[in-house]
Amino acid sequence: MAAKAQAEQAEKADQGDQAQAGEGVKITARGVNVWYGENHAIRDVNVDIDDKTVTAFIGPSGCGKSTFLRCLNRMNDTIEICRVEGRIEMDGQDIYAPEVDPVLLRARVGMVFQKPNPFPKSIYENVAYGPRIHGLAKNRAELDGIVEKSLRRAALWDEVKDRLSAPGTGLSGGQQQRLCIARAIATSPEVLLMDEPASALDPIATAQIEELIDELRAKFAVVIVTHSMQQAARVSQKTAFFHLGELVEYGETGQIFTNPRDPRTESYITGRIG
Amino acid sequence: MGAKLFLAVLALAAFAYVVARARASRAAGGAGAARFHSRPGQHGLYAALLVLISGWGLLFAAGLSSDILIEHLLESEILRLAPGLGAIERALVISDAEALATGAVSSSDDALRQQIAASFARWRFWQVWGLSALVLGAASFALLLALARIRPDFRARNRAERILRRGLGVMALIAVLTTIGIVLSLVFETFSFFANIGWRIDKFLFGTNWTPLSGVMEGRLDPDRVGALPLFAGTFLITLIAMLVAVPVGLFAAIYLSDFASPRTRAIVKPMLEILAGIPTVVYGFFAALTVAPLLREWGAALGLSVASESALAAGVVMGIMIIPFISSLSDDVINAVPQALRDGSYGLGATRAETVRFVVLPAALPGIVSAMLLGMSRAIGETMIVVMAAGQGANFTFNPLEAVTTVTVQIVMLITGDTEASTAAGPAFALGFTLFCITLLMNFAAQRIVSRFREAYD
């Protein structure tokens, strides 16, 4: 009951936020090109990602949607042969500028991966990891508060509150993924990147994650990569269709799925390419 | 003769393979032929295996028993001709007779030896022909049997696989039995040593006076002189120094290679480290004795310390260098086994490389690292050449790394290479060896337990 009431509260807050913040642009990408060695993976992509909105990247396998997602928090920096060109701004600041520390950027742009990857630590330690390394909590009580809030927001608190010291790897797949979401939001990021967060999960766990994503929209700009068009249609407000490294079409989700402008988008959506 | 028969059977087996396969494929290919259960090659394999087993098996069994029989016949003949000869002399006569019969040089050639040589030649003639006939006959029979069995419903594959499976089992059994044999001989000799010192195991384990052979050439040992505690202390001291050198260097090298080095650096540095592992320990030994020990002595003198020319420190440091590649490559393996997904998860939360290594990678790899250390340690404990050359020989009960100490392995070497009666010197050596074996066994066992727990961590 408490959880439901809370969810309703969050919804109200969500509407309030939307009314206040509108749907300002959070991330702007201009002329982004990515190479993996000789392979030109992303070709001249321009996109504006709105705040407090779920943006879905769809497209066939290998179309570059995950690669582009990983540009947004500079995870591609960890790959030796990867080269990124172009300009990506967050709140008007170039995130590839030399004075930007990718480590600090990643605290502001959280990421959830395709396969749940909880650390082999306790549930509590998993969530406390980010706040600890960034020194977000002054004392244990504050840290406890962050952990509880993050777990609640990831809709996992009620399932794990009695066993916070149990290993995170012992949870079910869906719970592990929600733990990873809780872990990501514990550092209070502004943007949440999700790389096919439900592709390794069963339908019930997927539904829970999708519901959660919808709730997370109240606080964050959410960018989700998915290979499931149904999922994109269900959870997102904006959709970008990638094909062979190009951003083919970007717009309101409803418009992309009902009235695509580009013939390639239509072919993909109707199942003729992919 | 044995080798020729052995090769003949092998040739026959190859022939059996070809013939059986050809026959099976002809039979299977014929019009209206029933469908064969096994493929032609499997029939061939079965025929070849059957030939090999019957041929080699009979060669081994009959060859051995006929050798024993001939020996027995010759002995009884010697006894009849010269009743007064002792067992050792009889054996000597037989070996001389064999030499005479085969045209080699013998110690003497009296009438007895000539006569025995003649009988030997006669028996040997019969043995050669009998054995050849028996072995080749059995192998040919096996070949014919296998050929006769080539029928559509004959399960040659299953039969051949069963034979191969048993062959593999026999090989595994040989390895296991050898191990058991070695352990049993260790245990047996250790027991007889303890019996020799009147079961004063406490004196052996906790006594501090180790001069087991002084004044003893043969027979009873003095329990007061076999106190191995200085040896254990020396081994412990040197192992400790070696681990103090090897663990930090090896572990940090592994961390650097797996998480910080660029692929190019890694491609250069890792093989270099492995080269370190390829240096023979005897080279490390004289490196320690001729280079490191004098250096330490000089430094010690400069600091006003007296360092013995053979010191635990020199041996320990060099032993540590020897173990570095061992620890670094094992640690590198377990660190690399930590899934990239965990690292990505940590980077994705805004952790630096160092934080990721410290808080995610190392805790996840810790059990494997600990087991790498234990394995490195059991190598250090068992290492011999370095300590023989650089640590000293006197059983000096001290924990001062600047003094000469001795280790369990050094004392075993001294005992076995000394000029005391082997049966007397072997006792303490076996007891020491057994102790060493128990310690390393325990450590390997612990390492394996830890590793097996580690494997479950990501599932």
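Below is a summary of the structure that appears in this document. (Residues numbered from 1 in each chain as written. Chains lettered and ligands numbered in written order. Predicted model: local features only at pLDDT ≥ 70, side-chain atom pairs only at ≥ 80, totals over all residues. Heavy atoms only, no water.)

### Some words on the packing of aromatic side chains
What counts is decided by this rule: What counts as a ring pair is set by centres within 6.5 Å for rings of Phe, Tyr and Trp (its six-membered ring), and what kind of pair is set by the plane angle: stacked under 30 degrees, edge-to-face over 60, tilted for all other angles. Only protein chains enter the accessibility calculation, which uses a 1.4 Å probe; a residue whose area is less than 20% of its type maximum is buried, one above 50% is exposed, and one in between is partly exposed. Ring-over charges, as used throughout, are those where CZ of Arg or NZ of Lys falls within 6 Å of the ring centre and within 35 degrees of the ring normal.
Taken as a whole, this structure holds 18 aromatic pairs over all chains when the rule is applied. Note on B:Phe397 and B:Phe399: the rings are 6.1 Å apart at their centroids and 65° apart in plane angle, and the pair reads as edge-to-face. Assessed through its relative accessible area of 40%, B:Phe397 is described here as partly exposed. Under the relative-accessibility criterion, B:Phe399 is labelled partly exposed at 49%. Directly above the aromatic system of A:Trp35 lies the positively charged group of A:Arg83, at a separation of 4.5 Å from the ring centroid. When the ring centre of B:Phe326 is taken as origin, the NZ or CZ atom of B:Arg379, which lies over that ring, is 5.1 Å away.

### Digging into the nonpolar core
All names here are of chain A. Heads up, the condition is: For the purposes of this section, nonpolar cores are sets of buried Ala, Val, Leu, Ile, Met, Phe, Trp, Tyr and Cys residues that join through side-chain atoms within 4.5 Å. Throughout, a residue-residue contact means that at least one pair of heavy atoms, one from each residue, lies within 4.5 Å.
Leu151, Ile181, Met194 and Leu216 are the most contacted members of the largest nonpolar core, which has 62 residues in total. Excluding residues that lie within four positions of it along the chain, methionine 194 makes contacts with Leu69, Val112, Ile181, Ile213, Leu216, Val222, Val223, Ile224 and Val225. Grouped together as the second largest cluster of nonpolar side chains are 34 residues, Leu72, Met75, Ile88 and Ala221 included.

### Quick notes on the interface of chain A and chain B
Convention followed: Accessible surface is computed with a 1.4 Å probe, and the buried area is the amount of it that two parts give up when combined, taken over both parts together. Basic side-chain nitrogens of Lys or Arg form a salt bridge, by our definition, when they fall within 4 Å of a carboxyl oxygen of Asp or Glu. Identification of polar contacts relies on pairs of N or O atoms within 3.5 Å, with a donor-acceptor requirement for protein atoms, meaning one able to donate a hydrogen and the other able to accept it, and with residues adjacent in sequence counted only if both atoms are side-chain atoms. Runs of H or I in DSSP of at least four residues are treated as helices and runs of E of at least two as strands, each being numbered from the N terminus. For this classification, Asp, Glu, Lys and Arg are treated as charged, while Ala, Val, Leu, Ile, Met, Phe, Trp, Tyr, Cys and Pro are nonpolar and the rest, including Gly, are polar.
Chain A puts 23 residues into the contact, and the matching count from chain B is 21 residues. Summed over the three residues of chain A that lose the most area to chain B, namely A:Pro120, A:Tyr129 and A:Ile133, the buried surface amounts to 28% of that side. Where chain A packs against chain B, one counts zero salt bridges. Taken together, the links from chain A to chain B amount to five residue pairs in polar contact (both at pLDDT 80 or more). When contributions to the side of chain A that touches chain B are tallied by element, the ones reaching two or more residues are helix H3 (102-108), strand E6 (109-112), helix H4 (123-134) and helix H7 (173-185) of chain A. Residues belonging to the side of chain A that touches chain B are distributed by class as follows: 12 nonpolar, six polar and five charged.

### Here's the deal with the pairing of strand E8 (residues 221-225) of chain A
Residues and elements named next belong to chain A. For the record, the criterion: Here a strand pair is declared whenever DSSP counts at least two bridges between the two strands.
Across the five residues of E8, five count as buried, placing the element largely inside the fold. Alternating residues of E8 divide into Ala221, Val223 and Val225 and Val222 and Ile224, and every residue in both groups is buried. With four bridges connecting them, strand E3 (residues 54-58) and E8 associate as parallel partners. Bridge assignment links phenylalanine 57 to a residue of E8, and that residue is valine 225.

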